[in-house]
Amino acid sequence: MNKKRIASFMLDHFKPASSALAGIVIAGTCIAASAQERSLAPVSVTANRVQQRLFDTPAADGLELDWREGAAPAVSMTEALTAVPGIAVRDRQNLAQDVQLSIRGFGSRATFGLRGSRLLVDGIPASTPDGQGQASTVSMIAAQRVEVLRGPWAQMYGNVGGGVMLVETRPAPDAAESDMRLAAGSRGFRQAMLSGGAPLGPGLGLRADVSGFDTDGAREHSAARRRYLDLRMDWKADAKTSLRFGINGFSQPLAEDPLGLTQAEYQRNSRGVTSVAEQFNTRKTVDQYQMGVAGEHRLGAIDRLSFSSYAGQRKLRQFLAFSGAALTSSGGVVDLERQYYGASAAWHHDFRTSDKVPVRWSIGSEIEATRDKRLGFVNANGSAGDVRRDEDNDATAYGLYAQADAYVHPEVLLSAGARYSRVDMRVDDRYITSVSPDDSGSISYSRFSPVVGVLWHATESLNTFANVGYGFETPTLSELAYRQSGSGFNFALQPARSLHAETGLKWMRNGTSLQATLFRSTTDGEIVPLANQGGRTIFRNVDGVERYGLELGSKLRWRQIDWTLAYTWLQARFTEGFRSADGRTVNAGNRLPGTARHTLQLEAAWKPSEALRFGAELHAESRIQADDLNTEAAPGYFTLGLNAERAFQVGSHRASAFVRFDNLLDRNYIGSVIVNESNRRFYEPAAGRAVLVGMRISL
């Protein structure tokens, strides 16, 4: 990528959004300039590697998660992310494949799980070193807060595209407590959650959380069961040293996969299932357990050290929608045993110079590794048959980073950071026959990712910012597995390389906030399918992928109602043509599949008394292309939801009852698409009208 483009990068291609942001900046500056000075709430975040106020962190959001309040389903931590601009969350109504989540258009092409974004829980990655991740393993009962960082500064986390999500779990309480929730709803949904904790001694406390749910599913062949166990112990050894120990378990004994539908199948029966799903009994089971420790030690008033270490195991078996009997196939049943581990350490320094101007910096290192024993079997109509794959997959990621912030003027903060990342991947193939050659191989990728930015405190209530940085995404082991000629790794496949930029403002006063961000990313080496041969998908790189747009977010109180708005305008397109996997031409200007041009979330909460709360949610998205060729698309839609909660006393215990209606108007729409699905089963219908009722009690 030509570095001369950086100088004009922030100005090009923003087009109509640039004038909109200019108006917002001017209006916000005038409003803030006339405001009286006030102290802003010192809410801090650590997502950008140095601890600072959320108000001072560009394109970042911090969300409180508390299952003990409100009427949320509490099934996935992504439920709260719909209120974050720049993020698209699509519930596939398919717990075998997890939710679809993309940030600024990155990750929209993922066929399962998370791609293009990083997810960490108490510092432990829920993403593998090769860039694939899962949100399903995050327990809503244990989660207390999620921080979201979008854009250039997310590149400080290494192998990432659009952003990073960091989840913090609930610490051990200072006094004994316990809470329980029971809920039931449409389509056989049943849920139980139990949480409790107590101090065990001076500076020592324990919390335990257990939860689970069952559902018959919104479509045929979509039943699922999930169970969670989370144990956390906090120990404050003294005023300088604190430690956190955690043990987590996740079990999914059943998750049927209804697959996508063709356009004709969707129009005939949107709640139905394609015949091959029943023929091959498509489903997935998962068991995952991990343990970790994290700590912090203060060296003095201005220096502190932080560290973490973890290890875990994941077992997965998945039945796919084909037999995989061909001798060149990898099978129609995936059997995976994964061992994973990692560690990190960082030194944080915060001091003031002689003229009292604060300076902060952090340096750190990370290592994370996975070792997969992967087997593939023939899917004999829902049973595992003969072996078609037997190999070990290893992936290891190393990272070194440094970031510094300094006030060059009392109102101007300059920031600079850099990260060196290396990802090593290796396959040892043990299934070698005359028609299935040795696919063993190894490859390493490395990248230096610099980021720079400036923040101007225009007034006490208004910040404006601009940032630019480089990032990269490696291919996954699955994408590297095959090449068009010969055996072994597809050594021609390279990481996607992106240049990210953003500029915007944050305004906050008297409980009202506004954020507006213009962003743009250009990517060379985007990873797309090249060919499908004998059950094996081969990938290639294409240049000239562009994502740019506008994010708007606001929170305010108007007429005794708390309003939350999140709007994203996203232009995501190929700027250069290329040949698709079926040999046809993808034209320059085609929209990236899986991305909506407009996404809107509007929430309202009214609390007429301490005991009563009402809420409403409006969600809307424009049409979404289903494939690179832009031959089919899911139409745009909007949905409306309502909820209510009533608190009361049961003896000496606090309790509440709640009810929730989703898709109140019972609209029939496509909730998500499976990008570039080779059988044109692109469409995953959303659920119809649903009701959820439940009760919570503090024991």
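Asks: Before we move on, could you go through the overall build of the protein and cite the residues and values that matter?
Replies: Assigned secondary structure in the protein consists of five helices and 41 strands. The buried share among the 699 residues of the protein stands at 56%. Within the protein, residue pairs in contact and separated by at least 24 positions form 66% of the contacts whose partners lie at least 6 positions apart. Element-wise, carbon and sulfur atoms account for 56% of the exposed surface of the protein, whose accessible area totals about 28,200 Å².

Asks: Requested: an account of the pairing of strand β30 (residues 561–574), with residues and values cited.
Replies: In this structure, strand β29 (residues 545–558) lies alongside β30, joined through 14 bridges in antiparallel fashion. Following the sheet pairing, Leu 556 is matched in β30 by Trp 563. The turn joining β29 and β30, which pair antiparallel and follow one another in sequence, is formed by two residues; a positive phi near 55° is taken by Arg 559. With nine bridges connecting them, β30 and strand β33 (residues 598–609) associate as antiparallel partners. Directly across from Asp 562, in β33, lies its bridge partner Ala 605.

Asks: Give me the lowdown on the environment of Ala 224, citing residues and values where you can.
Replies: Counting through the fold element by element, Ala 224 comes out in strand β15 (residues 224–236). Separated by 59 residues in sequence, Ala 224 and Arg 283 place their C-alpha atoms 9.3 Å apart. In this structure, Ala 224 is in contact with Leu 95, Phe 213, Asp 214, Thr 215, Leu 254 and Ala 255, ignoring residues within four places of it in sequence.

Asks: Quick rundown of the sheet that holds strand β7 (residues 117–121)? Include the residues and the values.
Replies: Pairing is mixed across the open sheet formed by five strands, whose spatial order is β3-β10-β11-β7-β8. Looking at the sheet topology across the chains shown, the edges are occupied by β3 (60–64) and β8 (124–125). Where β7 lies against β8, two bridges are found, and the strand directions are antiparallel. If you follow Leu 120 over to β8, its bridge partner there is Pro 125.

Asks: Tell me what's going on with unusual backbone geometry, and back it up with residues and numbers.
Replies: If you check the backbone angles, Asp 98 has positive phi at about 70° while not being a glycine. With respect to the helices and strands, Asp 98 occurs in the loop between β4 (87–90) and β5 (100–103). Backbone geometry places Asn 381, a non-glycine residue, at a positive phi of 50°.

Asks: Go over the packing of aromatic side chains with me, naming the residues and quoting the values.
Replies: Inspection of every chain in the model, using the stated rule, returns ten aromatic pairs. Taking 5.7 Å as the distance between ring centres and 25° as the angle between the ring planes, the aromatic pair formed by Trp 606 and Phe 614 counts as stacked. Judged by relative accessible area, which is 39%, Trp 606 ranks as partly exposed. Seen from their ring centres, Tyr 637 and Tyr 669 are 4.1 Å apart, and the 20° between their planes marks the pair as stacked. Here the residue Tyr 637 occupies a position in strand β37 (residues 637–650), and Tyr 669 occupies one in the loop between β38 (653–662) and β39 (670–673), the gap between them amounting to 32 residues. On the accessibility criterion, Tyr 637 (10% relative accessible area) is buried. Its relative accessible area of 15% is what places Tyr 669 among the buried residues. Directly above the ring of Phe 106 sits Arg 547, whose terminal nitrogen or CZ lies 3.9 Å from the centroid.

So, how was this worked out
- Residues numbered from 1 in each chain as written.
- Predicted model: local features only at pLDDT ≥ 70, side-chain atom pairs only at ≥ 80, totals over all residues.
- Heavy atoms only, no water.
- Helix = DSSP H or I, 4+ residues; strand = E, 2+ residues; numbered from the N terminus.
- Buried < 20%, exposed > 50% of the residue type's maximum accessible area, 1.4 Å probe, protein only.
- Contact = heavy atoms within 4.5 Å.
- Areas by Shrake-Rupley, 256 points an atom, 1.4 Å probe, with all protein chains shown as cover.
- Pairing = 2+ DSSP bridges.
- Phe/Tyr/Trp six-rings, centres within 6.5 Å; stacked < 30°, edge-to-face > 60°.
- Lys NZ or Arg CZ within 6 Å of the ring centre and 35° of its normal.

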